[in-house]
Amino acid sequence: MTEGAVGVDLAVENGYGSVVHDVVDVIVRTAPEIRGGLVGRRGTADEENENPSGETQAEADVWADELLCDRLSALEGVSQYASEERAAVVDCDSGSGSDAGSSSTDEDGCGDGLSVAVDPLDGSSNLVSNNPMGTIFGVYDAPIPARGRNLVAAGYVCYGPVTTMVLATDDGVTEYELADGDARVLREDVRLPAEPTVYGFGGRVPDWSAEFRTYAREIESELKLRYGGAMIADVNQVLSYGGIFAYPALESRPEGKLRLQFEGNPIGYIVERAGGRSSNGTRSLLEAEATGLHERTPVYVGNTGLIDRLEDAVTHPLE
Ligand code: F6P
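Residues numbered from 1 in each chain as written. Predicted model: local features only at pLDDT ≥ 70, side-chain atom pairs only at ≥ 80, totals over all residues. Heavy atoms only, no water.

In the annotation of an unreviewed UniProt entry, the chain is listed under the name Fructose-1,6-bisphosphatase class 1 and assigned to Natronoglomus mannanivorans. The annotation that UniProt attaches to the chain under Catalytic activity (unreviewed entry) is "beta-D-fructose 1,6-bisphosphate + H2O = beta-D-fructose 6-phosphate + phosphate". Note on the chain: under the UniProt heading Subcellular location (unreviewed entry), the record states "Cytoplasm". (UniProt positions renumbered as here; feature names shortened; annotations may be inferred.)

And the structure:
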């Protein structure tokens, strides 16, 4: 553990506990700095202003990625750093970028350590309108790209009226308030409320499949709409009030918009550990095969009953 590490209790069964603790420590210390550093960095990055998924990069995206890369890749026990803002995985043992999944320090390409995948600023288009955003991290015990089943911990920071962090391990989910480099427990054993209340669906309605539209019509009559344009903030509402978040398969883009390694897997892991379900439309996001570093996936997460109904709806074509 690093000197002066935060008091975050972690139960990670597989002997990686201290590495995960150090990763979380970096997130806890860096999040307030990221939040503070957004002032003056809300514009588009000067150089290289598209990320590997072809989206415009804000100055803050690039800056937060560099900050997290420097700190996470320096940790003993972290062999790979991957970010939504970088084309290639960083091999932390050599400090160099390499092609996805090929940063090799041993046969499986992961050295002896863990791989950390980060979305430094999820929902950074909200910088323009000054709405909430987040930082997402997933800690895998396999080289990236990896299946969600290889996550040993995942979490996110939500930059809302206050800065909070939700952290999931195989032991459960805890919510913290972050301030001054410290983490104060707000809620232990976070569970999705049994009675769902809210929903948020991304993408344009005409671009949804007929099956998803039909499902959405039903949900609209049962729950309240909460959609803010940053997955983290929207999923945080689902964790607080119960419900469903989806960025579905689109007619124009059947693979959806969100990235499996940086968004789908970590959020799927967190929601499942909180007693809910995740799906890519047919099965748990955590079971989806990982084929590319920046591959996209439809994302559906929320209360089990709602995800069961969703899968039923989207896998039965309408006449
Ligand atoms: O990175 C993707 C993201 O910003 C998510 O956080 C969010 O859910 C989604 O894009 C919003 O997309 P749209 O602008 O299409 O609603």
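Past the structure itself, the notes keep going.
**Q** Help me understand helix α6 (residues 260–273) in this model?
**A** Because an α-helix packs 3.6 residues into every turn, residues spaced three or four apart end up facing the same way. Counting buried positions along α6 yields 13 of 14 residues, so the element is predominantly enclosed. The positive-phi residue at the C-terminal boundary of α6 is Gly275, with phi of around 90°. (Buried < 20%, exposed > 50% of the residue type's maximum accessible area, 1.4 Å probe, protein only. Helix = DSSP H or I, 4+ residues; strand = E, 2+ residues; numbered from the N terminus.)

**Q** Please clarify how the sheet that holds strand β14 (residues 277–279) should be interpreted in this entry.
**A** Picture the strands of a sheet paired through backbone hydrogen bonds; they go either parallel or antiparallel. Spatially, β11-β10-β12-β16-β14 is the arrangement adopted by the 5 strands of the open sheet, whose pairing is mixed. At either margin of the open sheet sits one strand with a lone partner, and together these are β11 (224–225) and β14. In this structure, strand β10 (residues 198–201) lies alongside strand β12 (residues 243–247), joined through 4 bridges in parallel fashion. In the strand pairing of β12, Tyr199 is matched with Ile244. The strands touched by helix α4 (residues 210–220) within the sheet are β10, β12 and β16 (299–302), with β10 carrying the most contacts at an inclination of about 150°. In the packing of helix α5 (residues 231–241) onto the sheet, the strands contacted are β10, β12 and β16, and the crossing angle to β12 comes to about 160°. (Pairing = 2+ DSSP bridges. Contact = heavy atoms within 4.5 Å. Axes fitted to C-alpha atoms, helices over the stretch in contact; angles between N-to-C directions.)

**Q** Explanation requested: the pattern of salt bridges in the structure shown.
**A** Pairing between side chains of opposite charge can happen when the charged atoms of each approach one another. This model, assessed by the stated rule, comprises 16 salt bridges. Taking the shortest distance from any N to any O, the salt bridge between Asp308 and Arg277 comes out at 2.7 Å. Of this pair, Asp308 sits in helix α7 (residues 304–314) while Arg277 sits in strand β14; the two residues are 31 residues apart in sequence, bridging distant segments of the chain. With a relative accessible area of 37%, Asp308 lands in the partly exposed category. Via salt bridges that share partners, Glu55, Glu84, Arg259, Glu263 and Arg296 belong to a single interconnected network. (Salt bridge = Lys/Arg side-chain N within 4 Å of Asp/Glu carboxyl O.)

**Q** Whenever I open this one, the site of the ligand confuses me. Can you help?
**A** Around the ligand, the neighbouring residues are Asp122, Gly123, Tyr227, Gly229, Ala230, Met231, Phe245, Tyr247, Lys257, Leu258, Arg259 and Glu263. Measuring from an oxygen atom of the ligand, one finds a backbone N or O atom of Met231 at 2.8 Å. Glu263 places a polar side-chain atom, nitrogen or oxygen, 3.0 Å from an oxygen atom of the ligand. In the complex, the protein chains occlude 80% of the 400 Å² of accessible area that the ligand would expose alone. Looking at the shell around the ligand residue by residue, the classes come out as 6 nonpolar, 2 polar and 4 charged. (Near = heavy atom within 4 Å. Polar contact = N/O pair within 3.5 Å; in protein donor to acceptor, adjacent residues only side chain to side chain. Areas by Shrake-Rupley, 256 points an atom, 1.4 Å probe, with all protein chains shown as cover. Nonpolar A, V, L, I, M, F, W, Y, C, P; charged D, E, K, R; others polar.)

**Q** Before we go on, may I ask you to explain the nonpolar core in this structure?
**A** In this structure, Tyr156, Phe201, Phe212, Ile244, Phe245 and Ile267 are the most contacted members of the largest nonpolar core, which totals 54 residues. Among the elements that take part in this core, α6 stands out by supplying 6 residues, more than any other. Other than its neighbours up to four places away in sequence, Phe201 contacts Trp208, Phe212, Tyr215, Ala216, Ile219, Tyr227, Ile244 and Ala246. Counting 39 residues, the second largest nonpolar core, distinct from the first, contains Val78, Leu114, Val139 and Ala153. (Core = buried A, V, L, I, M, F, W, Y, C linked by side-chain atoms within 4.5 Å.)

**Q** Help me understand the side chain of Thr135 in this model?
**A** If you trace the backbone, Thr135 turns up in strand β5 (residues 133–140). Here the side chain of Thr135 touches Pro120 through a polar contact of 2.7 Å, landing on its backbone oxygen. Within the structure, Thr135 has its side chain in polar contact with the side chain of Tyr159 (distance 2.7 Å). Not counting chain neighbours up to four residues away, the residues in contact with Thr135 comprise Ile34, Leu68, Asp119, Pro120, Leu121, Gly155, Tyr156, Val157 and Tyr159.

**Q** Looking at this structure, how should I read the packing of α4 against α7?
**A** Each packed pair of helices is defined by two parameters, the angle between the axes and the distance between the axes. Closest axis-to-axis distance for the α4/α7 pair is 8 Å, and the angle between their directions is 145°. Judged by the twist between their axes, the crossing of α4 over α7 is right-handed. Contacts from Glu211, Phe212, Tyr215, Glu218 and Ile219 in α4 reach Leu306, Arg309, Leu310, Ala313 and Val314 in α7. Here the contact of α4 with α7 is built from residues that sort into 7 nonpolar, no polar and 3 charged. (Left-handed = near helix turned anticlockwise from the far one by under 90°.)

**Q** For this particular structure, what's the right way to read the state of the cysteines?
**A** In a disulfide, the sulfur atoms of two cysteines are covalently bonded to one another. For the structure on display, the rule yields 0 disulfides. Of the cysteine sulfurs around Cys69, a residue in no disulfide, the closest is that of Cys92, at 6.8 Å. (Disulfide = S-S within 2.5 Å.)

**Q** Is there a simple way to explain the UniProt feature "binding site: Mg(2+) 2" (unreviewed entry) in the chain in this structure?
**A** Mapped onto this numbering, the UniProt entry gives "binding site: Mg(2+) 2" (unreviewed entry) at Asp119, Asp122 and Glu263. The greatest C-alpha distance among the annotated residues, which extend across 145 residues, is 8.5 Å, indicating that they converge on a single site. With relative accessibility at 0%, the residue Asp119 sits in the buried group. Each residue touching Asp119, except ones within four places of it in the same chain, is listed here: Glu84, Glu85, Gly134, Thr135, Ile136, Phe262 and Glu263. As for its placement among the helices and strands, Glu263 is situated in helix α6. A relative accessible area of 2% means that Glu263 is categorised as buried. At a separation of 2.7 Å, a polar atom in the side chain of Glu263 contacts the main-chain amide nitrogen of Arg259.

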